Amino acid sequence: MPDTSGFKKDTIGSYIVKDPAAYLTYTVDWVDWVPGGDSLSTSTFAASTISGDAAPVVIAATTIIGAQAVVEISGGSAGELYTITNTIATTNGETDIRRFRLRVEQRYL
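Read on for an overview of the structure.

The rules behind these values
Residues numbered from 1 in each chain as written. Predicted model: local features only at pLDDT ≥ 70, side-chain atom pairs only at ≥ 80, totals over all residues. Heavy atoms only, no water. Pairing = 2+ DSSP bridges. Helix = DSSP H or I, 4+ residues; strand = E, 2+ residues; numbered from the N terminus. Salt bridge = Lys/Arg side-chain N within 4 Å of Asp/Glu carboxyl O. Buried < 20%, exposed > 50% of the residue type's maximum accessible area, 1.4 Å probe, protein only.

Bridge analysis of strand β5 (residues 57-65) against strand β6 (residues 68-75) gives eight bridges, and the strand direction is antiparallel. Pairing of Ile59 across the sheet is with Ile73, part of β6. The loop that links β5 with its antiparallel partner β6 comprises two residues; one of these, Gly66, has a positive phi angle of about 65°.

So, on to the pattern of salt bridges. This model, assessed by the stated rule, comprises three salt bridges. A salt bridge links Asp96 to Arg98; its shortest N-O distance comes to 2.8 Å. Judged by relative accessible area, Asp96 falls into the buried class, the value being 18%. Owing to a relative accessible area of 24%, Arg98 belongs among the partly exposed residues under this scheme. Across the salt bridge formed by Arg103 and Glu105, the nearest N and O atoms sit 3.1 Å from each other.

Right, here's the structure in full:
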């Protein structure tokens, strides 16, 4: 299972809290899942859609750094909960999917 350092966890799984105006980078580390001698060949991210959402989440960019899948996310409407899906494939042809939730809320100090 990939490492999700920095993510919060509850009984459902991992999630991140993001301000609607924030443009942030998130990393899913697959190093504990990818077998030795294998590496990530592809990584895609998708965000769930919410009907009538005036400011949906935008997947701005994705990158692979070793066994890490990196995504840059912007947007989202305050008060909404989105599901972010990371689908990866390895150079040996294995595939897997992991999801985390993105809770968008106004953040204050």
